[in-house]
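# Observations on the model geometry
Take a look at the letters that make up each chain.
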Amino acid sequence: MRSPIPAGSGIIRPVPRILVIEDHPKTADALRNGLRGDGFETVVTGTGDGGFALLNAEPFDLVVLDWMLPGRDGLDILTALRARGSKTPVLLLTARDAVEDRVLGLDHGADDYLVKPFAFAELLARIRALLRRAGEAEPLRRQVGNLKVDLETRRVTRGAQEILLTPREFDLLAYLMRHHGQTVTRQMLAKDVWREPHRATPLDNVIDVHVAHLRHKIDEGQRLTLIHTVRGVGFVLQAEGP
């Protein structure tokens, strides 16, 4: 997620990834097109089970969640998300406009609530507000195991040893730390770290080389390996194996 750091600080601000879980095709298409047109990376699924599977497999900065869904409904998804400690902002969409319904949705973990039909401009304003609040809460110092990264000073240490990284290596590590415990694909790295939305095979090779160099600096000589390859998918930074 993004943080309130001045422009020019060198810290990567990835394009926010939004997951839309909406079973009505016209509404889903309108949300997809509108959010992408406003600069958000948007993934859309039409079922609760499909949305929950995506949330378990990929990192998202915000979820636009329909309440009434085939299979697992919105409240089931919210309950499961919050039970596992996820703080991903969730904007709940529903045609249910009674006060008790709004209270029920918020009590289950929704961060905001929008009644259908809604104006797309209001949806965008609510999404921006949720992302701002989430971004302001992002820590500038992160730690996994004995690896510490200071996003403000761009200083990296593992135990008592300071690790010197190139600017690109630091941006790559910061991105992996930001998505700690989640698999990061080459497509995500190409778009958010290399700023190349149209990934090509040569860029995959460049990404792999940089990850190899970073892994050597971070994990060489350490008892616990932190950077892991998820075969055929991407990479994950975590204190346990993938």
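Residues numbered from 1 in each chain as written. Predicted model: local features only at pLDDT ≥ 70, side-chain atom pairs only at ≥ 80, totals over all residues. Heavy atoms only, no water.

This part is about the overall build of the protein chain. Secondary structure summary: the protein chain contains eight helices and 12 strands in total. Against the 2.2 N^0.38 benchmark of 18 Å for 242 residues, the protein chain shows a C-alpha radius of gyration of 19 Å, consistent with a compact globule. Here the C-alpha coordinates of the protein chain stretch approximately 60 × 35 × 35 Å along the principal axes. By the burial criterion, 45% of the 242 residues in the protein chain qualify as buried. Contacts in the protein chain between residues at least 24 apart in sequence constitute 56% of all its contacts with a sequence separation of at least 6. Carbon and sulfur atoms provide 52% of the accessible area of the protein chain, an area that totals close to 11,800 Å². One way to put it: in the protein chain the 33 positive side-chain charges average out to a point 4 Å from where the 32 negative ones average out. (Helix = DSSP H or I, 4+ residues; strand = E, 2+ residues; numbered from the N terminus. Rg over C-alpha atoms; globule rule 2.2 N^0.38 Å. Buried < 20%, exposed > 50% of the residue type's maximum accessible area, 1.4 Å probe, protein only. Contact = heavy atoms within 4.5 Å. Areas by Shrake-Rupley, 256 points an atom, 1.4 Å probe, with all protein chains shown as cover. Lys, Arg positive; Asp, Glu negative; His and termini not counted. Charge placed at Lys NZ, Arg CZ, Asp CG, Glu CD.)

It is worth spelling out the packing of helix H2 (residues 48-57) against helix H3 (residues 74-83) at this point. A pair of packed helices is characterised by two quantities: the angle between their axes and the separation of those axes. For the pair H2 and H3, interaxial distance at closest approach is 10 Å and the crossing angle is 20°. One finds that H2 runs roughly parallel with respect to H3. The element H2 and its partner H3 pack so that their crossing is right-handed. Across from Gly48, Phe52 and Leu55 in H2, the residues of H3 making contact are Ile77, Ala80 and Leu81. (Axes fitted to C-alpha atoms, helices over the stretch in contact; angles between N-to-C directions. Parallel < 35°, antiparallel > 145°, perpendicular 65-115°, else oblique. Left-handed = near helix turned anticlockwise from the far one by under 90°.)

Looking now at the packing of aromatic side chains. Scanning the entire structure with this criterion turns up one aromatic pair. With a centroid separation of 6.4 Å and an interplanar angle of 85°, the aromatic rings of Trp67 and Tyr113 are classed as edge-to-face. Linking Trp67 in the loop between strand S3 (62-66) and H3 with Tyr113 in strand S5 (residues 112-115), this pair joins segments that are 46 residues apart in sequence. Looking at Tyr113, the relative accessible area reads 8%, which means it is buried. Stacked on the ring of Phe60, the Lys or Arg Arg17 has its end atom at 4.6 Å from the ring centre. In this structure, Arg96 packs its charged tip against the face of Trp67, placed 4.3 Å from the ring centre. (Phe/Tyr/Trp six-rings, centres within 6.5 Å; stacked < 30°, edge-to-face > 60°. Lys NZ or Arg CZ within 6 Å of the ring centre and 35° of its normal.)

So, about the packing of helix H6 (residues 167-178) against helix H8 (residues 201-219). Taken N-terminus to C-terminus, the directions of H6 and H8 make an angle of 80°; their axes are 10 Å apart at the nearest point. Here H6 lies roughly perpendicular to H8, going by the angle between them. Within the contact between the two elements, H6 uses Arg168, Glu169, Leu172, Leu173 and Leu176 and H8 uses His210, Val211, His213, Leu214, Lys217 and Ile218. Broken down by class, the residue content of the contact of H6 with H8 amounts to six nonpolar, two polar and three charged. (Nonpolar A, V, L, I, M, F, W, Y, C, P; charged D, E, K, R; others polar.)

The next subject is the pattern of salt bridges. In this structure the tally under the stated criterion is 19 salt bridges. A salt bridge links Glu41 to Arg17, with the shortest nitrogen-to-oxygen separation between them at 3.0 Å. Of this pair, Glu41 sits in strand S2 (residues 41-45) while Arg17 sits in strand S1 (residues 17-21), and the two are 24 residues apart along the sequence. As a salt-bridge pair, Asp111 and Arg82 come within 2.8 Å of each other at their nearest N and O atoms. Linking Asp111 in the loop between helix H4 (99-107) and S5 with Arg82 in helix H3, this pair joins segments that are 29 residues apart in sequence. Residue classification places Asp111 among the partly exposed positions, given a relative accessible area of 36%. Among the charged side chains, a network of salt bridges with common partners joins Arg17, Glu41, Glu58, Lys191 and Asp192. (Salt bridge = Lys/Arg side-chain N within 4 Å of Asp/Glu carboxyl O.)

Two strands pair when backbone bridges link them, and S1 and S2 are joined in this way by five bridges, in the parallel orientation. Considered in S2, the bridge of Ile18 is made with Thr42. Between the parallel pair S1 and S2, the chain is carried across by helix H1 (residues 25-37), and the sense of this crossover is right-handed. (Pairing = 2+ DSSP bridges. Right-handed = clockwise from strand over helix to strand, strands pointing away.)

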